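Read off the chains here:
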Amino acid sequence: MKFIVSIILTALLSFAAGLYLGWWSLAVAAFMVAALIPQKPWKAYLSGFLGLFLLWGLLACWIDMKNQHILSQKMAQVFPLGGSWILLILVTALVAALVAGFAALTGSYVRKK
């Protein structure tokens, strides 16, 4: 139950913080959730990873669908993604997920000390 609550709380706090702060606020939100909700370190990492992978993946997909994938297809041609907008969204979500996962892992270790 703590695992699901921490996934949802990480995603919600990151979304709210992202409205007023920069992209880095997702790391602060994941750190705080992991420091406040006691979990094993690998579960804290996974909850931060999944929370932000889902949040940023869905947000990027929603924003991309508004302009019918025009910008993402052009950006995917710049990167070695073969022009695939889906891969660009997955890479975007993966970057956010890695940052949040490591921040949550740090928060879990700080709580243990």
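Let us look at the structure shown here.

Here the focus is the packing of aromatic side chains. With the rule as written, the count across this model stands at three aromatic pairs. Centre to centre, the rings of Phe49 and Phe53 are 6.1 Å apart; their planes meet at 5°, and the pair counts as stacked. Here Phe49 pairs with Phe53, and both are found in helix 3 (residues 41-66), just four residues apart, close to one helical turn. Residue classification places Phe53 among the partly exposed positions, given a relative accessible area of 25%. By the ring-pair criterion, three or more aromatic residues cluster together here, those being Tyr45, Phe49, Phe53 and Phe102. Just above the ring of Trp62 sits the side chain of Lys66; from NZ or CZ to the centre is 4.0 Å.

Let us now look at a nonpolar patch on the surface. Residues Phe15, Leu19, Tyr20, Leu21, Trp23, Trp24, Val28, Met32 and Leu36 make up a contiguous nonpolar surface patch of roughly 1100 Å² in combined accessible area. Those elements that provide at least two residues to the nonpolar patch are helix 1 (2-20) and helix 2 (25-36).

Below, the discussion takes up the nonpolar core. One broad trend across soluble globular proteins is that nonpolar side chains are buried collectively. Formed by Ala11, Leu26, Ala30, Ala34, Ala44, Leu52, Leu55, Ala96, Ala100, Ala103 and Ala104, the largest nonpolar core amounts to 11 residues. Ignoring any residue separated from it by four or fewer positions in sequence, one finds Leu52 in contact with Thr10, Ser14, Leu26, Gly57, Ala96, Ala97 and Ala100.

Here Gln68, not a glycine, exhibits a phi torsion of approximately 55°, which is positive. Mapped onto the elements of the fold, Gln68 is located in the loop between helix 3 and helix 4 (70-78). A relative accessible area of 60% means that Gln68 is categorised as exposed. The residue His69 is not glycine, and still its phi comes out positive at about 65°. With respect to the helices and strands, His69 occurs in the loop between helix 3 and helix 4.

What counts, and where the lines are drawn
- Residues numbered from 1 in each chain as written.
- Predicted model: local features only at pLDDT ≥ 70, side-chain atom pairs only at ≥ 80, totals over all residues.
- Heavy atoms only, no water.
- Phe/Tyr/Trp six-rings, centres within 6.5 Å; stacked < 30°, edge-to-face > 60°.
- Helix = DSSP H or I, 4+ residues; strand = E, 2+ residues; numbered from the N terminus.
- Buried < 20%, exposed > 50% of the residue type's maximum accessible area, 1.4 Å probe, protein only.
- Lys NZ or Arg CZ within 6 Å of the ring centre and 35° of its normal.
- Patch = residues over 30% accessible without salt bridge, like charges linked within 9 Å, V, L, I, M, F, W, Y side chains within 5 Å.
- Areas by Shrake-Rupley, 256 points an atom, 1.4 Å probe, with all protein chains shown as cover.
- Salt bridge = Lys/Arg side-chain N within 4 Å of Asp/Glu carboxyl O.
- Core = buried A, V, L, I, M, F, W, Y, C linked by side-chain atoms within 4.5 Å.
- Contact = heavy atoms within 4.5 Å.

Keep in mind these numbers describe shape, not what the thing actually does.
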